[in-house]
Amino acid sequence: MMADSTGLQFVSAYAFEAMQKVDVVRLAALSDPELRLLLPCLVRMALCAPADQSQSWAQDKKLILRLLSGVEAVNSIVALLSVDFHALEQDARKEQQLRHKAGGSNGESILVSQLQHGLTLEFEHSDPLRRLRLTLSELLAIMNKVADSNGEFFLKSSELFESPVYLEEVADVLCILQAELPSLLPIVDVAEALLHVRNGDWFLCLLVANVPDSFNEVCRGLIKNGERQDEESVGGRRRTEALRQLCLMNPSQALNIRAMVVEECHLPGLGVALTLDYKPDTADEAVSPLVSYVSGLLLGTNSKVRTWFSMFIRNGQQRKRESSSVLWQMRRQLLLELVAILPRSRSTHVPNDGDLEEESSSGYSGLREEHVVKASALLRLYCALMGIAGLRPTDEEAEQLLQLMTSRPPATPAGVRFVSLSFCKLLAFPTLVSTPEQEQLMVMWLSWMIKEEEYFESAAGVSASFGEMLLLVAMYFHSNQLSSIIELVCSTLGMKIAIKPSSLSKMKTIFTQEIFTEQVVTAHAVRVAVTNNLSANITGFLPIHCIYQLLRSRAFTKHKVSIKDWIYRQLCETTTPIHTQLIPLIDAYINSILTPASKANPEATNQPITEQEILNVFQSSAGGSRGGRQRYSITTQLLILYYILSYEENLLASTKQLALMQRKPKSYSAALMDQIPIKYLVTQAQGLQQELGGLHSALLRLLATNYPHLCLVEDWVCEEEVTGTLPLLRRMMLPSNTCRYTQSQLHQAFQKLPSSSPRLMRILEHLTLLSPGDLIPYAEALTASMALLLEPAVPLRILQTLNKLWMALNTVMPRRLWVMTVNALQPSAKLLRQQRYTQNDLMVDPLIVLRCDQRVYRCPPLMDIVLHMLNGYLLASKAYLHCHLKETADFDRQSQTVSSLGVPGQPDTPEVTREELKNALLAAQDSAAVQILLEVCLPTSEEQQLGANTESLLRSIRGPMPGKLKQGNLGPRASGGMEDAEPEGGLLSDLREVQCLICCLLHQMFIADPNIAKLVHFQGYPQALLPLTVAGIPSIHICLDFIPELLAQPQLEKQIFAIQLLSYLCTQYALPKSLSVARLAISVMGTLLTVLTRAKRFSFFMPTLPCLVAFCQAFPPLYDEVAALLVQVGQVCASDVATKARDIDPLIARLQYLKEKPQEALVQGGGSSKLTLPQRTAEELGGADPDVQLCYCVEATFMDIISSTLHGL
């Protein structure tokens, strides 16, 4: 330190401020010694021509001259100013050049020559010019040495700067030189040089006081050139002391200088010293400047600053204790602040319960409320100093810290925070507790914490008190999760501290054996009140964190403590945004229900939530109490739904393990699931995805697995039509005072059909404006009366509006709606028997949906609903059978394993068989549904009489189908009103619309599972439906893949069906693949001709020969192969006829002629595009021999091929 300048008078803060502001009145008030220090600047101010020509300055200048007139030293300064400074500067620069050439040796000097005596005597005897030269020469020598020192500190012994007699005169010369020669002597360089002489800080303050506007520049320069750790070296300490003196002279800039220190990460001791010197105008009662500053450095976000200051603390501890050390001054000040806020009386006796209750209210050993925030700040600071900066507390510091940590604050939010910090500091630094007395004090304080936790939580009005943290730490200790305790401590303190797990062993013993045994922990946890309106907005450590940890460590089941009620109450007390711990809590709870804590005790599991408790949550949801506030929030309902679905999924996944332990936890009943509005809740969750975190996606995953019928793609697409922008706008336009219809009014309007059609239409149109949720009360009235709409004369618009309402309801309550609809559409005979189906019946046998009133099959809007339900129940049946198989398989296998007496390989056999049986059942179910739907597409006898034709759809797409013998266009359809002459009139019938709906569903089914298409076509269906299926089901082209396999079947009927199907596919899809399959079919027909008996030949070729026309029409290159086949068939038949000596037309000759010269045959036919055959009566054909009929069929096929080919031209 610069003890050498002790006793010298420094420029006061008052004087410096007067110089800064040029306040003449203040300057006049200064004492002579104070004024003497400022003379160089004042004399220059009085003598030099000013830039300010104002009258006020002229007056001030007179005052300054009057002030200077009485001071004797002014004359010597005036003499100094009268020197030729230009010549002086030139000589100085020459001397610098000379020294540079000479390598810095002190040889000849241009400024000072022939010194007879020492510098001090020379200075005394010299005139002003020589005095300037002497001082300048000495100063330049020091500056040059500083420049050459490469940062190494040195102290230059200079007689001139050390003589107490001439200090003031030397200071005058120094100030004048710097002011007159600023380019030669930059003030920052001069300041740096002055640090290397004795009394340098005094000279520096004088220099800056005479050039007050250079204060910041000088300070920044000194800091930039300063050491990273100032207390390590003499130079650093001298620099710190000089800057400290500068800031004492200009205290208003002290904090700015401190900011420069932090910015440059130099001179940490200076930053602390300035903080210790800083005296704020208004004292902040909460936190002292020193605590704020050091906390900011160690707990700020700048890691560079944190490391720099930590190094200052560490290095400072390594030196022996010095009262002059800035670090020890800081520690002493912090300790004084700590002692100042300690409770006045600290008792060491252990009070009994009565004492505790009596004295806690009167402030026993309690912190005063105004000191709590300050105490918390001090605790965090000491944590940072010890944990980050490595401070080793003295015995005195440790004792006082422990006294503060174990004091008892008032029940306020700040008090709760203080207790949490104290507790974490105990865990982070267990070495603070070293003696048995201190340990007893800590245990007593922890016991007080446990007892007072509930009172603190209620009195302070906070949700997250320190009780939860105590529980959590106790649980972590019991489960030996020391890393979790360290993480908890660091997050509570708000800093990363390196805590060794081994250091927690003493605390672990105290916690697990004295304070919180595991049984106490679990018993206490259940009694902790749930957090009201738990959401993500409530931060800190809550009861839910404790319960979650206890569930994970299986403490509840181990000690047979029931936690079910607590979890249920907490789930009922939730709101948005959802707390992140809720879903992990439910998962851990489900795991504790299904998985025993140990194999030795398989009964050690938690109880599941009861069905009645679940029902209570859903009683008011899904429109059950319109207008009234729901008792439970949507968050609670969604969490309970997640719990049920996740429980069921985990139960299925755990069946193998449960079977091995001979345990079978109860599954929730189907009746319960039927009463939960799953789809409605998921739809609600969709609009709350931001607030629900990952709950919505978790629910969707569970639905897709367990309830695929609620995740139909078309449902998601259709929902946009119900919940999109347009429906919303329509509802917004609905006036609030509009007429509201009741369910009974709707029911009456249905009953009075058809006379009430207009009124019913008005009601239904009004209902379309309601949201799906508001439609729920009307669901029963709408479905119950569906059968009445099947009566004749019901307007189509009513049916279409009902369909629209049904689809809207389907977005919120699909499962209940489907059951009601299936029961409402039963045939009248079943309705009379009052047979009601349940959800379970329909999942076991989805085909019940199709056992409805036959009139539905010709009512497109209702048929659309039936098909939608059928698709859903087919998917539901798959999921149901899959779950049923998993539920029972493992228990059956377990029993079989026991009974098989260890025969290897036996237990696996039934498993394979069960899976195969399930797949066979599902395939039979799907194919039966398809076959029934195809049968519905066939026109009834009445429709056939009216002229319905299944081929009209195909004809409408690709024109008339050639090759159909004597089939003309049919007449009008069931819709009536069309004349025979209009061929397309049939497209407007109900049958056609139903056919389109069915084809649409079959298309989806074939895409979802191509095996269904294969199975159905291997089973076969009426040939009359082929035009419809090929044209109406786009995905039917996949049949081309398996037609070769179908042709290879031994049954003649399947081969015939394959060729007929192929003929339509070739026309619809004229692809290279179709061509190759058609070639194969022709080849198969040729092969069969050679192996079939006469009777089988007739039954095979009569239906298949007309298909050759379609092959040739689609693929003209096949003409030669087809013609050769026809000739071959004709030859075989004709030869059989000839053996019977029956004379028929010369058929073979005609066939050869037709094959070789089709064009000439056409000319002979009169040039018409339709060839004619000799007219034969039906009796002649019918009574003819089968071979004869086949011959005529061959000829007719030939003619059709030629005709269609030329027609195409």
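Residues numbered from 1 in each chain as written. Predicted model: local features only at pLDDT ≥ 70, side-chain atom pairs only at ≥ 80, totals over all residues. Heavy atoms only, no water.

As annotated in an unreviewed UniProt entry, the chain carries the name Integrator complex subunit 2 and is attributed to Lates calcarifer. Quoted verbatim from the Sequence similarities (unreviewed entry) field of the UniProt record, the comment on the chain reads "Belongs to the Integrator subunit 2 family." (UniProt positions renumbered as here; feature names shortened; annotations may be inferred.)

> What is the right way to look at the overall build of the chain in this model?
Broken down by element type, the chain carries 67 helices and zero strands. Looking at the chain as a whole, 53% of its 1209 residues are labelled buried. Sequence-distant contacts, at least 24 apart, represent 74% of the contacts inside the chain between residues at least 6 apart. For the chain, the accessible surface area stands at approximately 54,300 Å², while carbon and sulfur atoms represent 54% of it. (Helix = DSSP H or I, 4+ residues; strand = E, 2+ residues; numbered from the N terminus. Buried < 20%, exposed > 50% of the residue type's maximum accessible area, 1.4 Å probe, protein only. Contact = heavy atoms within 4.5 Å. Areas by Shrake-Rupley, 256 points an atom, 1.4 Å probe, with all protein chains shown as cover.)

> Would you take a moment to explain the pattern of salt bridges for this structure?
Any two side chains of opposite charge can pair, on the condition that their charged atoms come close. A full pass over the atoms with the stated rule returns 22 salt bridges. K21 is the salt-bridge partner of E17, the closest N and O atoms lying 2.8 Å from each other. Here E17 pairs with K21, and both are found in helix α1 (residues 13-21), just four residues apart, close to one helical turn. Here R331 and E397 are joined by a salt bridge, their closest N and O atoms 2.7 Å apart. With R331 in helix α20 (residues 326-341) and E397 in helix α23 (residues 395-405), this pair connects stretches of sequence that are 66 residues apart. One exposure class covers both R331 and E397, and it is buried. (Salt bridge = Lys/Arg side-chain N within 4 Å of Asp/Glu carboxyl O.)

> I'm lost on unusual backbone geometry in this one. Help?
The omega torsion across T576 and P577 is -5°, close enough to zero to call that bond cis. Structurally, P577 can be placed in the loop between α32 (564-572) and α33 (582-594). One non-glycine residue, C265, adopts positive backbone phi at about 55°. Its location among the elements puts C265 in the loop between α16 (254-264) and α17 (268-277). We classify C265 as buried; its relative accessible area is 1%. Unusually for a residue other than glycine, L267 sits at a positive phi of about 55°. Topologically, L267 is positioned in the loop between α16 and α17. Judged by its relative accessible area of 0%, L267 falls in the buried class.

> Is there a simple way to think about the packing of aromatic side chains in this case?
How two aromatic rings sit relative to each other is set out by the distance from centre to centre and by the angle between their planes. Applying the stated criterion to the full structure yields twelve aromatic pairs. An angle of 65° between the planes, with centres 6.3 Å apart, marks the rings of W308 and F309 as edge-to-face. When its relative accessible area of 0% is taken as the criterion, F309 is described as buried. Judged by centre distance (5.4 Å) and plane angle (45°), the ring pair of F309 and F312 falls under tilted. (Phe/Tyr/Trp six-rings, centres within 6.5 Å; stacked < 30°, edge-to-face > 60°.)

> Sorry, what's going on with the side chain of S785 here?
Looking at the secondary structure, you find S785 in the loop between α46 (779-784) and α47 (796-810). What S785 contacts, discounting residues up to four positions off in sequence, is H747, F750 and Q751.

> Could you clarify how one ought to interpret the packing of helix α44 (residues 757-767) against α47 in this entry?
When two helices pack together, their arrangement is given by the angle between their axes and by how far apart the axes lie. Relative orientation of the contacting elements α44 and α47 amounts to 25°, with a least axis distance of 10 Å. Between α44 and α47, the angle falls in the class roughly parallel. Here the hand of the crossing between α44 and α47 comes out left-handed. Contacts from S757, L760, M761, L764, E765 and L767 of α44 reach α47 at R797, I798, T801 and L805. (Axes fitted to C-alpha atoms, helices over the stretch in contact; angles between N-to-C directions. Parallel < 35°, antiparallel > 145°, perpendicular 65-115°, else oblique. Left-handed = near helix turned anticlockwise from the far one by under 90°.)

> Hey, could you run me through the nonpolar core in this one?
What tends to happen in soluble globular proteins is that the nonpolar side chains get buried as a cluster. By size, the foremost hydrophobic cluster in this structure holds 374 residues, and its most contacted members are L246 and Y643. A per-element tally of this core places helix α22 (residues 372-387) first, with eleven residues. If we ignore the near neighbours within four places in the chain, the residues touching L246 are L204, C205, V208, F215, V218, C219 and L222. (Core = buried A, V, L, I, M, F, W, Y, C linked by side-chain atoms within 4.5 Å.)

> Help me understand α47 in this model?
Because the α-helix completes a turn every 3.6 residues, residues three or four places apart line up on one side. Under the 1.5 Å per step criterion, the end-to-end length of α47 is 21 Å for 15 residues, consistent within 8% with the ideal 21 Å. Most of α47 sits out of view: eleven of its 15 residues are buried. Among all positions in α47, only I798, L799, T801, L802, N803, L805, W806, M807, A808, L809 and N810 are buried. (Expected span 1.5 Å × (residues − 1).)

> Any chance you could explain helix α48 (residues 814-824) here in plain terms?
Taking burial as the measure, the eleven residues of α48 include ten buried ones, the bulk of the element. Burial in α48 covers these residues: P814, R815, L817, W818, V819, M820, T821, V822, N823 and A824.

> Looking at this structure, how should I read the packing of helix α56 (residues 1010-1019) against helix α58 (residues 1039-1047)?
The interhelical angle for the contact between α56 and α58, taken along N-to-C directions, is 40°, at an axis separation of 10 Å. On the basis of the axis angle, α56 is oblique to α58. The chirality of how α56 crosses α58 is right-handed. Side by side, α56 and α58 meet where A1013, K1014, H1017 and F1018 of the first sit next to C1039, F1042, E1045 and L1046 of the second. Partitioned by chemical class, the residues of the contact of α56 with α58 number five nonpolar, one polar and two charged. (Nonpolar A, V, L, I, M, F, W, Y, C, P; charged D, E, K, R; others polar.)

> Would you mind showing me how to read the environment of L299 here?
The topology assignment puts L299 in helix α18 (residues 289-299). With 82 residues separating them in the primary sequence, L299 and L381 have C-alpha atoms 8.5 Å apart. Not counting the four nearest positions on each side in its chain, L299 is found in contact with R380, A384, I388 and M495.

> Teacher, can you tell me more about the confidence of the model for the chain here?
Interpretation of this model should avoid reading the predicted coordinates in detail wherever pLDDT is low. Averaged over all residues, the pLDDT of the chain is 77; the fraction at 70 or higher stands at 78%. Of the regions scoring below 50 in pLDDT, residues 897-909 engages in five contacts with residues more than four places distant in sequence or in other chains. Predicted confidence for residues 1165-1183 stays below pLDDT 50, and this span has 20 contacts to residues more than four positions away or in other chains. (pLDDT = per-residue confidence, 0-100.)

> Can you help me understand the side chain of Q178 in this one?
Looking at the secondary structure, you find Q178 in helix α11 (residues 167-180). What makes Q178 buried here is its relative accessible area of 7%. Leaving out residues up to four positions away in the same chain, Q178 has contacts with L185, P186, I187, V190, L207 and V211.

> For this particular structure, what's the right way to read the environment of E468?
Considering the arrangement of structural elements, one finds E468 in helix α26 (residues 466-478). Note: C-alpha distance between E468 and H545 (77 residues apart in sequence) is 7.6 Å.

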